[in-house]
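What the coordinates show
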Amino acid sequence: MPLNPYNLRAEDFFAQYQSLSFEQVHNDWVPQLDNKTGLALDVGAGSGRDALALAERGWDVVAVEPAAELRRLGELATAHRSIQWVDDSLPDLIQIRKLSYRFDLILVSAVWMHLPPTLRDRAFRILTELLGPSGLLVITLRHGPGDGEREFHEVSKAELDRLARQRAVMPVPVPEMPRTDQLNRADVWWETAVYRLPDDGTGALPTLRHIIVNDNKSSTYKLGLLRTLVRIADSAPGLVLKRTDDWVELPLGAVGLFWLMLYHPLVLRHRLRQAPGSGGYGFAAEDFYSLEKLTPLDFRVGLSLSADQAPVVLRAIRLAAANILKNPARFTTWPGSNRPIFEGGAARFTIRNEPVRLDRETLARFGQFRVPALLWDTLSRYACWVEPAIVNEWINLMGSWEVRYSTDSYHQALRWVEGRRDTSGVRKLVDQQLSRGQVECVWTARNLAKISYDIDHCFPWSRWNNNDLWNLLPATHRANAAKSEKLPSDSLLKQARPRIIEWWEQAIIGTDREPQFFSEAEAALPLLNDKRTVEGVFESMLQQRLRLKTNLQLAEWLGI
């Protein structure tokens, strides 16, 4: 859709949209909300009028607007509410799909007529794939002549009903009387189409349950692969290289690295069998056993390895990745078939005796690993359910081979290695900065030089284990205690923005910690991509905040 008119005349369109209220435009379908709240997507958000009205009703809103100038005005008008703005557009909604959200409401108002008919099938399919169970899709249709400036196409409710039948979404009755144009434009009239998704309809959860519980297993490898993917989807979604309609592509090295982090304590520390008998493991050769003197935290994503350590870790990753492709990826199949669920391929490269940072670029050198997109979204949204199910079956499997260990011993061995709260490194940074000057509490702006302070996990450790530099922030003891295990609200995080960015620039940017800061943020935060700026990290934090609130149903903290 040509965006020039919306950019060139952004203020005119902003004023036009703001001249009408949300109720004036949408009174025919609003009763369907029935005082419910949830996560809403406003596609073609324009001035932000509808997004703001939904936010004022208690909804969390992601507002999509591709016209930069109009989006800028909309962001300014809605900055005081929990609304995240994204530069994206139909039919692909590429950025939105990277977030792996399921929306309770998707509003496509005054947009469909701009979409060429050849793109509508794809657009409708993608919209329905973004709906959560019982989610509503609302599309308003403009009928009548164009304005000679923007591109318009004919639309019909019959076309939408046909697309809805193809996607198995149910029409929701709304008044069918044509609505007159609220701006009094001659020959222009409107109608509304509303559809509901009865359930998620993806089949991903039953597939996962089949693999975890029912699938034949001669080792723990299938469970290891699934848990590896859950950990990446939950804690490192930024590692995704590419997403299409059908697949999510990961660096094969990331899959190998997380695999090593899982099996390191099981095999090297606790000596627990991962297959019956006394044989070795395909992924464990000399380099893997050389890692015994390290902990998994010593080779996690974002860290820099010395010239001595790097070749050992990289060779261990390469062998693990090869074993994954040869065994669990090959033999984990769709229920009732011999067709593998996962795909992947290794790439050849030379491992040198030189320092290496374990970032996305390095991990991509090993090749690629592909996960079905619907399965990936399920792993992302339901990680808090899927991972315990994997761990439980893993314990049952190990217990069937060795009965001499207690269930507690198995649980301890299967704890994710970042499951230990660690703020010591950032506390040293605060002490260094206090010795040179002032450090402010990010939540209260109080000077920490004269009072006791804590290092706060911005996103609570108890619900999302993350010790990354960007997530550890200086705070007063009182603020940290009041925040406890809550998630900072959207408005509070935005208020703290200048202090958070100032802390990063003061203590991290321009130091030897800077590469680690950006590599960790790149892996953990959605939509950061190559935007290696503190502003880009903060904007991605806002998206991650909403992601955690939606997926984990966390309580919010409004400040003190």
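Scroll up to find the structure this text is about.
This report concerns the structure included in the present document. Remember, it's a predicted structure, so these values are computed and weren't measured experimentally. (Residues numbered from 1 in each chain as written. Predicted model: local features only at pLDDT ≥ 70, side-chain atom pairs only at ≥ 80, totals over all residues. Heavy atoms only, no water.)

**A word on the environment of Arg 532**
The residue Arg 532 is located in the loop between α23 (514–524) and α24 (534–552) in this model. Given the relative accessible area of 37%, Arg 532 is considered partly exposed. Put simply, Arg 532 and Phe 518 are 14 residues apart on the chain and 6.3 Å apart in space, counted from C-alpha to C-alpha. Apart from residues lying up to four places away in sequence, Arg 532 is in contact with Pro 515, Phe 518, Ser 519 and Glu 522. (Helix = DSSP H or I, 4+ residues; strand = E, 2+ residues; numbered from the N terminus. Buried < 20%, exposed > 50% of the residue type's maximum accessible area, 1.4 Å probe, protein only. Contact = heavy atoms within 4.5 Å.)

**Describing the packing of aromatic side chains**
Enumeration over the complete set of coordinates arrives at 25 aromatic pairs. Counting every residue linked through ring pairs, the aromatic cluster contains Tyr 221, Trp 259, Tyr 263, Tyr 281, Phe 283, Phe 288, Tyr 289 and Trp 394. The ring of Phe 13 carries Arg 9 above its face, with NZ or CZ at 4.8 Å from the centroid. (Phe/Tyr/Trp six-rings, centres within 6.5 Å; stacked < 30°, edge-to-face > 60°. Lys NZ or Arg CZ within 6 Å of the ring centre and 35° of its normal.)

**Side note on helix α11 (residues 252–269)**
Side chains of residues three or four places apart in an α-helix project in the same direction, reflecting 3.6 residues per turn. An ideal rise of 1.5 Å per residue puts 26 Å on 18 residues; α11 measures up with 25 Å between its terminal C-alpha atoms. The sharpest bend along α11 comes to roughly 40°, located at Tyr 263, with the proline Pro 265 sitting one to four residues further on. By the criterion of burial, α11 is predominantly enclosed, with 17 of the 18 residues buried. The first or second residue beyond α11 is Arg 271, which carries a positive phi of 55°. (Expected span 1.5 Å × (residues − 1). Bend = angle between axes of the 7 residues up to and from the residue.)

**Notes on the layout of surface pockets**
Space inside the largest pocket adds up to approximately 740 Å³. Residue lining of the largest pocket: 42 residues in total, with Tyr 17, Gly 44, Ser 109, Ala 110 and Val 111 positioned closest to the centre. Where the lining of the largest pocket is concerned, the elements lending two or more residues are α2 (10–18), β1 (39–43), α4 (49–56), β5 (131–143) and β7 (179–180). For the lining of the largest pocket, a count of residues per class yields 22 nonpolar, 10 polar and 10 charged. (1 Å grid on protein atoms, 1.4 Å probe; cavity = no way out; pocket = protein on both sides within 12 Å on 5 of 7 lines; lining within 4 Å. Points joined across faces, edges and corners; volume = space filled by probe spheres on them. Nonpolar A, V, L, I, M, F, W, Y, C, P; charged D, E, K, R; others polar.)

**Digging into the environment of Val 188**
Mapped onto the fold, Val 188 is located in the loop between β7 and β8 (189–196). You can call Val 188 buried: its relative accessible area is 8%. C-alpha of Val 188 to C-alpha of Pro 145: the two residues are 43 residues apart in sequence and 6.9 Å apart in space. The residues contacting Val 188, other than those within four sequence positions of it, are Arg 142, His 143, Gly 144, Pro 145, Thr 180 and Asp 181.

**Some remarks on the sheet that holds strand β14 (residues 367–372)**
Here four strands make up an open sheet; going across it, the order is β9-β10-β14-β12 and the pairing antiparallel. The open sheet has two edge strands with one neighbour each: β9 (242–243) and β12 (343–346). Pairing analysis gives five bridges linking strand β10 (residues 247–251) to β14, with the strands arranged antiparallel. Bridge assignment links Trp 247 to a residue of β14, and that residue is Pro 372. Most of the contacts of helix α16 (residues 373–381) go to β14, to which it runs at about 80°, and overall it touches β9, β10 and β14. (Pairing = 2+ DSSP bridges. Axes fitted to C-alpha atoms, helices over the stretch in contact; angles between N-to-C directions.)

**Focus: the pairing of strand β16 (residues 472–476)**
A large share of β16 lies buried, amounting to five of its five residues. Burial along β16 is two-sided: Leu 472, Pro 474 and Thr 476 and Leu 473 and Ala 475, pointing in opposite directions, are all buried. Both strand β15 (residues 453–457) and β16 contribute to a ladder of five bridges, which runs antiparallel. Residue pairing in the sheet places Ile 455 in a bridge with Pro 474 of β16.

**Examining empty space enclosed by the protein**
Taken as a whole, this structure holds five cavities of 30 Å³ or more when the rule is applied. Its volume calculated, the second largest cavity comes out at about 90 Å³. Taken together, Arg 97, Ser 100, Tyr 101, Ile 126, Glu 129, Leu 130, Arg 243, Asp 245, Leu 374, Asp 377 and Arg 381 make up the lining of the second largest cavity. Elements with a contribution of two residues or more to the lining of the second largest cavity: α7 (117–129) and α16. For the lining of the second largest cavity, the element with the most residues is α16, which contributes three residues.

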